[in-house]
Amino acid sequence: MNGIWMVVIAIVVLGGAYLLYGRYLAKLWGVDAKAKTPAYEFEDGVDYVPADTNVVFGHQFASIAGAGPITGPIQAAVFGWVPVLLWILIGGVFFGAVQDFSAMYASVKNKGRTIGYVIEEYIGKTGKKLFLLFCWLFCILVVAAFADVVAKTFNGIGGTDAVNSANGSVATTSVLFILEAVALGFILKYGKLKKWMNTGIAVLLLVAGVALGLALPVFLDTGTWHIAVFVYILIASVVPVWALLQPRDYLNSYLLIAMIVAAVIGIFVANPSVNLPAFSGFYIEGKGSLFPILFVTVACGAVSGFHSLVSSGTASKQIKNEKNMLPVSFGAMLMESMLAVIALVAVASFASIGAAEEIPPRRCSFQAR
């Protein structure tokens, strides 16, 4: 097995799942292309804002494809590439994509309400309260964790007051990225330009932001960035979606998809070998049991409950046509699974054959230490 075959298998499985299984579900559930969506029915210019498919897809994909589908397969690779690849493909198709699609479908069919209110409608108020409490606690944890990660990534000053140009450039690029997103938001809303023109503008803004970021790094410490990030979170949570959320993720999606395409091309050109064992055992000393470690680490690349919050909380309020739900939710999840496969190929090629042979003895047991 080599990297090319792993990518080919993933493309065939994920592509076939979209064309066959995804369309089957859309037909089975009664997706109605003629139905009036909540984005039009309750359009308010704040949360309910109709958007083109590519814009909503950009928001969905950029929101769900974080560090999870990259770091997860890398950590789980200790069990071998076969179980990781199988879980990414099987979990991504039959669990992740179905969950994202069903969450968005339920929201769109219930006036664009979030999952919490859908639960109230079909289960009861107690279920809603428990779910919203969980979401509140979960969001506090996620916001705190990601704010800290971003602040440390932007930190351009080391412990000895030495500057870190790479981090400074990332910080500048990211700040410019947000400003460009706001400008693009006004262009998309008031410019009334053709799609190819909007795409061209978005790509130019991305290139300009990266170039300026490399040329003009910003050097601030972690504490300053913590404050800046939390101020940004506060602003981003209250401004209309068309002014920041939509264009920000629209821009980000082009960057992410371009990286995925470049990675796939790189794999076909380099033809990397797989230096990991196919299967290392159900239990690895110092790492734990395959169950549940594999399914906990490879979460976002296969299935993630957080995705249902994105599908029902924001994206469902921007869907112009019910038929767009399939590419936006089901398609975005499959794209994320493809990203997870690329991460698996990367770690499999970077690993050394000698290191793979030194993995501790197998122990076919689910017993935790």
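Residues numbered from 1 in each chain as written. Predicted model: local features only at pLDDT ≥ 70, side-chain atom pairs only at ≥ 80, totals over all residues. Heavy atoms only, no water.

(A) Molecular detail of the layout of surface pockets. Volume-wise, the second largest pocket comes out at about 450 Å³. Along its surface, the second largest pocket is lined by 21 residues, and Pro50, Ala51, Asp52, Leu188 and Lys189 are the ones closest to its centre. For the lining of the second largest pocket, the elements supplying multiple residues, two or more each, are helix H3 (53-64), helix H8 (165-191), helix H9 (195-215) and helix H11 (245-270). The element that contributes the greatest number of residues to the lining of the second largest pocket is H8, accounting for four residues. Split into classes, the residues belonging to the lining of the second largest pocket amount to 10 nonpolar, five polar and six charged. (1 Å grid on protein atoms, 1.4 Å probe; cavity = no way out; pocket = protein on both sides within 12 Å on 5 of 7 lines; lining within 4 Å. Points joined across faces, edges and corners; volume = space filled by probe spheres on them. Helix = DSSP H or I, 4+ residues; strand = E, 2+ residues; numbered from the N terminus. Nonpolar A, V, L, I, M, F, W, Y, C, P; charged D, E, K, R; others polar.)

(B) Structural context of the pattern of salt bridges. All chains considered together, the criterion is met by five salt bridges. A salt bridge links Glu120 to Lys128, with the nearest nitrogen and oxygen atoms 3.5 Å apart. Assessed through its relative accessible area of 16%, Lys128 is described here as buried. The salt bridge partner of Asp148 is Lys152, with a shortest N-O separation of 3.2 Å. Of the two residues, Asp148 and Lys152 both sit in helix H7 (residues 125-154), four residues apart, roughly one turn of that helix. (Salt bridge = Lys/Arg side-chain N within 4 Å of Asp/Glu carboxyl O. Buried < 20%, exposed > 50% of the residue type's maximum accessible area, 1.4 Å probe, protein only.)

(C) Quick peek at the packing of helix H5 (residues 81-108) against helix H13 (residues 306-313). Look at H5 against H13: their axes get within 8 Å of each other, and the N-to-C directions meet at 30°. Viewed along their axes, H5 and H13 form a crossing whose handedness is right-handed. Contacts between H5 and H13 pair Gln99, Asp100, Ala103, Met104 and Ser107 from the former with His307, Ser308, Ser311 and Ser312 from the latter. Its residues assigned to classes, the contact of H5 with H13 comprises two nonpolar, six polar and one charged. (Axes fitted to C-alpha atoms, helices over the stretch in contact; angles between N-to-C directions. Left-handed = near helix turned anticlockwise from the far one by under 90°. Contact = heavy atoms within 4.5 Å.)

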